[in-house]
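# Examining the three-dimensional arrangement
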Amino acid sequence: MRIATWNVNSVRARGERIAAWLQRSDVDVAAVQETKCRDDQFPTQLFTDLGYEVAHHGLSQWNGVAVLSRVGLEDVQVGFPGQPGWGDPEAPEARALGAVCGGVRVWSLYVPNGREIDDPHYAYKLRWLEALRAYGAERLAEDPQAGIALCGDFNVAPQDDDVWDMAEFEGSTHVTKPERDAFTSVVEAGFTEVVRPYAPGPGVYTYWDYKQLSFPKRKGMRIDFVLASPALAARVSGALIDREERKGKGASDHAPVMVDLDGGAEDESAAADSAGLAGA
DNA sequence: ATGGTTGAATGTCAA
């Protein structure tokens, strides 16, 4: 089974490109962020026509998260318990959506950007990551064998090599110790980042700003991740960052990140077929 | 080409 995460930066501006990518890449489950639309604006049919079930949560033109799956989509959760809110009155934004797909609880997460270190959004970002850690820890305490994937745009570059030049990030968000500590806390709660071992840096990124020719100049950031629970991490057989998808007219500013899993219902059925053939 | 973004409530914010 292949699962993926991608900040698409508007599902309406990029629908055809997303559909082409799903098919080309043989994606079974996609966690999508920044759909930038309400539920009633989501181009559901584009994906159901390709055999995917769709769950979307969008409240406005900002944020918006979705899960697309062709291996079943059950138990949809809008937001997670304890997810911090924003605004007045304070309310959760459309930044988290979970569903069980092919036996794995897949979360599409869009961590707040943080903007500037002295902006209230920065403290909001840290609260949000802490709440995610607490929720993840709780789920694993309840079921240590659970297959959980925390997929998304974390808006944190955990290591110095995850940005093109640390000197250019002096005083900036995404690389501060509190943000990195918050990310590490989620990992230490039991969620291994499974992409990096198969796509090591330096110079390997998932996001390049549209401005200043960042992509051709290779000035990117690694901020999109798949964090897997122990049982799920044990099934990972590969991962890749689809840098090609960042190229050309109409690209998102993020690249898709894909993870391949061994086992699960499909592989068991294939193994049974193989055994049957061998015996024939 | 010596510069250079894109997408969303069309006006200005967000990333």
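Note that the structure is a prediction, hence the values are computed from the model and not measured.

Across its full length, chain A holds 6 helices and 14 strands. What you see for chain A is a C-alpha radius of gyration of 18 Å, in line with the 19 Å of a compact globule of 280 residues. Overall, the C-alpha framework of chain A stretches about 70 × 45 × 40 Å when taken along its three principal axes. Within chain A, the fraction of its 280 residues that count as buried is 52%.

Here we come to the protein's contact with DNA strand B. Around DNA strand B sit 15 residues, and of these S10, Q61, R115, Y210 and L213 come closest. In DNA strand B, the atoms that sit within 4 Å of the protein are 54% sugar and phosphate, with bases accounting for the remainder. Contact distances for DNA strand B include 2.3 Å between a phosphate oxygen and a side-chain N or O atom of S10. Within the side chain of R14, an N or O atom sits 3.2 Å from a phosphate oxygen of DNA strand B.

Moving on, we come to the UniProt feature "domain: Endonuclease/exonuclease/phosphatase" (unreviewed entry) in chain A. Under the local residue numbering, the UniProt record ascribes the feature "domain: Endonuclease/exonuclease/phosphatase" (unreviewed entry) to residues 4–254. Regarding residues 4–254, the helix share stands at 22% and the strand share at 24%, and the terminal C-alpha atoms are separated by 13 Å.

Attention now moves to the packing of aromatic side chains. For the structure on display, the rule yields 13 aromatic pairs. Judged by centre distance (5.8 Å) and plane angle (85 degrees), the rings of W107 and Y135 are edge-to-face. You can see W107 sitting in strand β9 (residues 104–110) and its partner Y135 sitting in helix α3 (residues 120–142), a full 28 residues away along the chain. Accessibility classification places W107 together with Y135 in one group, the buried group. A centroid spacing of 5.1 Å and a plane angle of 70 degrees characterise the contact between W164 and F169, whose relative ring orientation is edge-to-face. The rings of F80, W107, W128 and Y135 are connected pair by pair, giving a single aromatic cluster.

Attention now goes to the sheet that holds strand β8 (residues 96–101). The sheet built from 6 strands is open, its strands ordered β5-β8-β9-β10-β12-β11 with mixed pairing. Strands at the two margins of the open sheet, each flanked by one partner only, are β5 (74–78) and β11 (192–193). Examined bridge by bridge, β8 and β9 share 6 bridges and lie antiparallel to one another. Paired with V100 across the bridge in β9 is R105. Sitting on the sheet, helix α4 (residues 177–188) touches β10 (148–153), β11 and β12 (224–228), and the angle it makes with β12 is about 30 degrees.

Let us look at the environment of V156. Its location among the elements puts V156 in the loop between β10 and α4. Sequence separation of V156 and D224 is 68 residues, and the distance between their C-alpha atoms is 8.2 Å. Beyond its immediate stretch of four places on either side in the chain, V156 contacts K125, L129, H174, E179, R180, F183, R222, I223 and F225.

This next bit is on helix α1 (residues 15–25). Taken as a whole, α1 has its buried residues at G15, R17, I18, A19, W21, L22 and S25. At the exit of α1 stands D26, carrying a positive phi of roughly 60 degrees.

Before going further, it helps to examine the sheet that holds strand β4 (residues 65–69). Taken in spatial order, the 6 strands make up an open sheet running β3-β4-β2-β1-β14-β13, and their pairing is mixed. Lying at the two open borders of the sheet, with one neighbouring strand each, are β3 (53–57) and β13 (236–241). On average, each strand axis in the sheet is inclined to that of its neighbour by 10 degrees, with strand direction left out of account. Strands β1 (2–7), β2 (29–33), β4 and β14 (257–261) of the sheet are contacted by α1, whose axis makes an angle of about 155 degrees with β1.

This part covers the environment of A13. Mapping A13 onto the fold places it in the loop between β1 and α1. A sequence separation of 218 residues divides A13 from A231, and the C-alpha atoms of the two residues are 37 Å apart.

For the rest of this paragraph, the subject is the packing of α3 against α4. How two helices pack is summed up by the angle between their axes together with the distance between the axes. Between α3 and α4, whose axes approach to 8 Å, the crossing angle comes to 15 degrees. Compared by their axis directions, α3 and α4 come out roughly parallel. For the pair α3 and α4, the sense of crossing is left-handed. Here Y122, K125, L126, L129 and R133 of α3 lie close against α4, whose contacting residues are P178, E179, A182, S185 and V186. Across the contact of α3 with α4, the residue classes tally to 6 nonpolar, 1 polar and 3 charged.

Positionally, F225 belongs in strand β12. The spacing of F225 and N155 is 70 residues in sequence and 9.6 Å in space, taken between C-alpha atoms. Discounting chain neighbours no more than four positions away, the residues touching F225 are T5, L150, C151, G152, F154, V156, P158, F183, E193 and R196.

What counts, and at which threshold
- Residue positions within a chain follow its written sequence, with the count starting from 1.
- To read the labels, note that chains go from A and ligands from 1, taken in the order they are written.
- Thresholds applied to this predicted model are a pLDDT of at least 70 for local features of residues and 80 or more for the giving and counting of side-chain atom pairs; totals over whole chains, interfaces and linings are not thresholded and use all residues.
- Calculated side-chain values reflect all of the structure's heavy atoms, with hydrogen atoms and water omitted.
- Labels follow the DSSP assignment, with helices taken as runs of H or I lasting at least four residues and strands as runs of E lasting at least two, numbered in each case from the N terminus.
- When we talk radius of gyration, it's over C-alpha atoms, and the globule rule is simply 2.2 Å times the number of residues to the 0.38.
- Whether a residue is buried, partly exposed or exposed follows from its accessible area with a 1.4 Å probe, protein chains only, as a fraction of its type maximum: under 20%, in between, or over 50%, in that order.
- Throughout this document, a residue counts as near a molecule or strand when at least one of its heavy atoms sits within 4 Å of that molecule or strand.
- Two N or O atoms form a polar contact when they lie within 3.5 Å of each other; inside protein one atom must be a possible hydrogen donor and the other a possible acceptor, and for residues adjacent in sequence the pair counts only when both atoms belong to side chains.
- UniProt positions are given in the numbering used here, feature names are shortened, and annotations may be inferred rather than shown by experiment.
- When the centres of two rings from Phe, Tyr and Trp lie within 6.5 Å, Trp using its six-membered ring, the rings pair. Their planes under 30 degrees apart give stacked, over 60 give edge-to-face, and anything left gives tilted.
- Two strands make a pair as long as DSSP finds a minimum of two bridges between them.
- Residue contacts are defined here by distance: any two heavy atoms, one from each residue, within 4.5 Å place the two residues in contact.
- Think of each axis as a best-fit line through the C-alpha atoms, taken over the contacting stretch in the case of a helix, with angles from 0 to 180 degrees between the N-to-C directions.
- In what follows, roughly perpendicular refers to angles from 65 to 115 degrees, roughly parallel to angles under 35, roughly antiparallel to angles over 145, and oblique to any angle outside these ranges.
- Two helices cross in a left-handed way if the nearer one is turned anticlockwise from the farther one by less than a right angle. They cross in a right-handed way if the turn is clockwise.
- Residue type decides the class: Asp, Glu, Lys and Arg count as charged, Ala, Val, Leu, Ile, Met, Phe, Trp, Tyr, Cys and Pro as nonpolar, and the leftover types, Gly among them, as polar.

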